Amino acid sequence: MASVTTEVPVTGGEPSTEELVARIRELHPLLEKNAAQGEQDRRVVEETVQALTEAGVFKVAQPKRYGGYEMPVRTQIEVSAAVAEADGGTAWVVTLVNQCAWMTGLFPEQAQDDVWKSNPDAKVSGVVTPSSESVKVDGGFVVNGRWYYNSGSWHSDWAVLGMPVVDEAGETIDHGIALVPRSDLDFEETWFVAGMKSSGSNCLIARDVFVPEHRIISAPKAWAGEVATEHTEEVLYRSAFTPVLALGIAAPQLGMAKKVLELVSAKAAAKPLTFTFYATQAESPVFRHQIAEAAMLIDSACLHAYRAVDAIDRAAREGTYPDELMRARARADAGWVVANVTKAIDLLLFAHGAAGFGENNVIQRHWRDSAVAARHAYIVPGVSLEMYGTALLAEDGNITPML
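Caption draft 1: Broad picture of unusual backbone geometry. Following Tyr-148, the chain continues to Tyr-149 via a peptide bond in cis, the omega torsion being -10°. One non-glycine residue with positive phi stands out, namely Met-196, at about 50°. Mapping Met-196 onto the fold places it in the loop between strand E6 (186-188) and strand E7 (202-212). Here the phi dihedral of Asp-208 falls at roughly 55°; this positive angle occurs in a residue that is not glycine. A relative accessible area of 58% means that Asp-208 is categorised as exposed.

Following this line, the structure appears as structure tokens:
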């Protein structure tokens, strides 16, 4: 059995995407070793978090001004998928923490300084749903609320949280996103689920928390490409808001699907096809067809994901903001990833057989993690396709402002 090491060489400067993915693959034995413990603890094992931190995995969406790598959205997708090949729960935390770092990069520099100036390794988690109440006071707002489900809640130093922006009369005038220190928030364990157990997607609670005005941005403006950062030269933070989030959330699916395909294919040469004359699954034309179909479904998921993120990165480089049709298509691409991966993993489990559901079989963990993650409201396939269909038909008023 290969030895497990957490010593990953990290050179100075910003790595390429290939270098960062290689660092992650070097850590696969550690991530796999700790996966079961993470499920049991309902949080990613701290040894894993520390190793990923040292490898720079949480730096991909952080501004270079604070020591981050400020890498394209494509890199965020590839990093999340690479982590997911080892463990879906860990990948979900990596994804959400990096996405929340990206959102922090949309805030004014003063707010970013609050987060990273004294602690460049600070991690941010978050929930943008405005499940709270606020009162306007001198210099900001007093906020009370509860935010489910805050992935990576165990490991975060700050949180980006949705809140209503109100006037002096208490009337809601905007949907805000607030940056709040984790130390200002209470915490409740609420994440008791069938899959993604280690994501630590618990509840954060605000009780009379003061949020200064400079740590609040407008969500609708951000969805439309109008952000608060003064650093307009930073290409990454010109990326289209909701496609970045949707495709990022879909990214772990790519890694989990590839791993299940790899495991099922590897076992086929020695595993018999029960109740047939085939000595091994690999000899069966039906099994070969199933493997091929699953591989094509996964390829389709990857092609749609990378088409979408490449278009987003290209628009950001060119300084243009994608129109509603392109943004709706990106949402549909994210849903297409989920739909195809779900079909592929289901097909692979039928091909592999009931042994795939053994508690000690890693295949069932990927199946559970994928199934739970696929139900995230941001990437539900049917809803995503409806958004795209509405945009294709040029109907007035899409079903959501979050395009």
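Caption draft 2: Inspection of the sheet that holds strand E1 (residues 124-127) at higher detail. The sheet built from 4 strands is open, its strands ordered E1-E4-E5-E8 with mixed pairing. Of all the strands in the sheet, just E1 and strand E8 (216-218) have a single pairing partner and so form its edges. Strand-to-strand, the axes of this sheet are offset by a mean angle of 35°, without reference to chain direction. Looking at chain direction, E1 and strand E4 (residues 158-166) are connected through 4 bridges and run parallel. The residue bridging Ser-125 from the neighbouring strand is Ala-159, located in E4. Contacting E1, E4 and strand E5 (172-181), helix H5 (residues 88-104) crosses the sheet at an angle of about 90° to E1.

Caption draft 3: Spatial organisation of empty space enclosed by the protein. Going through the model one piece at a time under the given rule, you end up with 7 cavities of 30 Å³ or more. A volume near 100 Å³ is recorded for the largest cavity. Surrounding the largest cavity, Thr-53, Phe-58, Lys-59, Gln-62, Val-97, Ala-101, Trp-116, Pro-120, Asp-121, Ala-122, Lys-123 and Val-124 form its lining. Taken together, the residues of the lining of the largest cavity sort by class into 7 nonpolar, 2 polar and 3 charged.

Caption draft 4: The layout of surface pockets, seen in detail. What the largest pocket holds in volume is close to 670 Å³. Taken together, 27 residues form the lining of the largest pocket, with Val-127, Tyr-149, Ile-249, His-376 and Ala-377 sitting closest to its centre. For the lining of the largest pocket, the elements supplying multiple residues, two or more each, are H5, E1, strand E3 (140-150), helix H8 (241-267) and helix H11 (362-373). Here the lining of the largest pocket gets 5 residues from one element, more than from any other, and that element is H5.

Caption draft 5: Seen up close, the sheet that holds E3. Taking strand neighbours across the sheet as the criterion, the 4 strands line up as E2-E3-E7-E6 in an open arrangement whose pairing is antiparallel. Of all strands in the sheet, those with a lone pairing partner are strand E2 (132-137) and E6, marking the two edges. Going from strand to strand, the sheet's axes swing by 15° on average, the running direction of each strand aside. Strand direction decides the pairing type here: E2 and E3, joined by 6 bridges, are antiparallel. By the bridge assignment, Val-137 is partnered in E3 with Gly-140.

Caption draft 6: Helix H1 (residues 17-26), seen in detail. Among all positions in H1, only Thr-17, Leu-20, Val-21, Arg-23 and Ile-24 are buried. The buried residues of H1 all sit within an arc of 155° when viewed along its axis, so they share a single face. Facing away from the buried surface of H1 by more than 90 degrees, the exposed residues are Glu-18 and Glu-26.

Caption draft 7: Local environment of the packing of aromatic side chains. Under the counting rule described, the total for this entry stands at 6 aromatic pairs. Measuring from ring centre to ring centre gives 5.3 Å for Tyr-149 and Trp-191, while their planes differ by 55°; the resulting arrangement is tilted. In this pair, Tyr-149 sits in strand E3 while Trp-191 sits in the loop between E6 and E7, placing the two residues 42 residues apart along the sequence.

Conventions we followed
Residues numbered from 1 in each chain as written. Predicted model: local features only at pLDDT ≥ 70, side-chain atom pairs only at ≥ 80, totals over all residues. Heavy atoms only, no water. Helix = DSSP H or I, 4+ residues; strand = E, 2+ residues; numbered from the N terminus. Buried < 20%, exposed > 50% of the residue type's maximum accessible area, 1.4 Å probe, protein only. Pairing = 2+ DSSP bridges. Axes fitted to C-alpha atoms, helices over the stretch in contact; angles between N-to-C directions. Contact = heavy atoms within 4.5 Å. 1 Å grid on protein atoms, 1.4 Å probe; cavity = no way out; pocket = protein on both sides within 12 Å on 5 of 7 lines; lining within 4 Å. Points joined across faces, edges and corners; volume = space filled by probe spheres on them. Nonpolar A, V, L, I, M, F, W, Y, C, P; charged D, E, K, R; others polar. Arc of directions from axis to C-beta. Phe/Tyr/Trp six-rings, centres within 6.5 Å; stacked < 30°, edge-to-face > 60°.

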